[in-house]
Amino acid sequence: MTTDSESRKEVFLSLDNRDLLEAQICEICRFYKKKYKVELIKGKYVKNAIIKTTRYYRQYLKEFDCKVTSLDFYKTYAWLGYFMAEELHSKDMQYKMMNVVVWRLIKQLENDGKNIKACDDFFAKLLSLLQNELSKRGEFGIGKNGLYMIMKIASLIDCN
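Note that this is a predicted model, so its numbers are computed, not measured.

1. What about the packing of aromatic side chains?
How two aromatic rings sit relative to each other is set out by the distance from centre to centre and by the angle between their planes. Scanning the model with the defined rule gives 13 aromatic pairs in all. Ring geometry for Tyr 60 versus Phe 64: centroids 4.9 Å apart, planes at 50 degrees, classification tilted. Its relative accessible area of 53% is what places Phe 64 among the exposed residues. Where Tyr 82 meets Phe 83, the ring centres are 6.4 Å apart and the plane angle is 75 degrees; that geometry is what we call edge-to-face. Assessed through its relative accessible area of 6%, Phe 83 is described here as buried. Directly above the aromatic system of Tyr 77 lies the positively charged group of Arg 104, at a separation of 5.7 Å from the ring centroid. Over the ring of Tyr 56 we find Lys 144, and its NZ or CZ is 4.9 Å from the ring centre.

The structure is reproduced here in structure tokens:
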């Protein structure tokens, strides 16, 4: 018989979940390449971002005593993008990575039927907060969990 933590780990690391994480990071890299004409998928960055996301997700499950029934798109996308940005050493590339990730998260909100008002000032501020976090200026930042929670809350708001 497995313990709760072992079964959490086994469920999280199922083939479907690994495939989903891989598909998300490939999508992030595809959007990055399309927008900025730079190929990232072949670098060690991708592997490291997936490893960090997987480890962090497992720690998250343990910390909050959760079990995975399905992966949360907003959580995995925000975390993969953030960890990918951490892997990039150029501040410009980090900013561009978070720009792509935030853009895609907003597109998902729109796909989920959320009426997202164009609010460029808000998104610019969000990107600045993410950049500050990545630059180790966390007192003026918002990290991977903040990004996830903003998008998750927005996804839960009933627009009807």
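2. Quick word on the confidence of the model for the protein
Per-residue confidence for the protein gives a mean pLDDT of 88; residues scoring 70 or more make up 92%. Predicted confidence in the protein is weakest over helix α1 (residues 4–12), with a mean pLDDT of 62, and strongest over helix α4 (residues 73–87), with 96.

3. Focus: the side chain of Gln 108
Within the fold, Gln 108 resides in helix α5 (residues 91–111). Judged by its relative accessible area of 16%, Gln 108 falls in the buried class. Not counting residues up to four positions away in its chain, the partners in contact with Gln 108 are Phe 73 and Tyr 74.

4. Quick word on the pattern of salt bridges
In total, this model carries seven salt bridges according to the counting rule given. Close ionic contact of Arg 104 with Glu 27 constitutes a salt bridge, the shortest N to O distance being 2.9 Å. Within this pair, whereas Arg 104 is found in helix α5, its partner Glu 27 is found in helix α2 (residues 15–36), the two being separated by 77 residues in sequence. For the pair formed by Arg 104 and Glu 27, the shared burial category is buried.

What counts, and at which threshold
- Per chain, residue numbering runs from 1 following the sequence as it is written.
- Totals for whole chains, interfaces and linings use all residues, but because this is a predicted model, local features are given only for residues with pLDDT of at least 70 and pairs of side-chain atoms are given and counted only at 80 or more.
- For side-chain calculations, the full set of non-hydrogen atoms in the structure is used, while hydrogens and water are omitted.
- Planes of paired rings set the category: under 30 degrees apart is stacked, over 60 is edge-to-face and the rest tilted, where pairs are Phe, Tyr or Trp rings (Trp by its six-membered ring) whose centres lie within 6.5 Å.
- The rule is simple: take the accessible area with a 1.4 Å probe, protein chains only, and divide by the maximum for that residue type; under 20% is buried, over 50% is exposed, in between is partly exposed.
- Comment: the charge-over-ring label is applied if NZ (Lys) or CZ (Arg) is within 6 Å of the ring centre and within 35 degrees of the ring normal.
- Known as pLDDT, the predictor's confidence for each residue is given on a scale from 0 to 100.
- A run of DSSP states H or I qualifies as a helix once it reaches four residues; a run of E qualifies as a strand once it reaches two. Both are numbered from the N-terminal end.
- In what follows, a contact means two residues having at least one pair of non-hydrogen atoms within 4.5 Å.
- Salt bridges are defined as contacts in which a side-chain nitrogen from Lys or Arg sits within 4 Å of a carboxyl oxygen from Asp or Glu.

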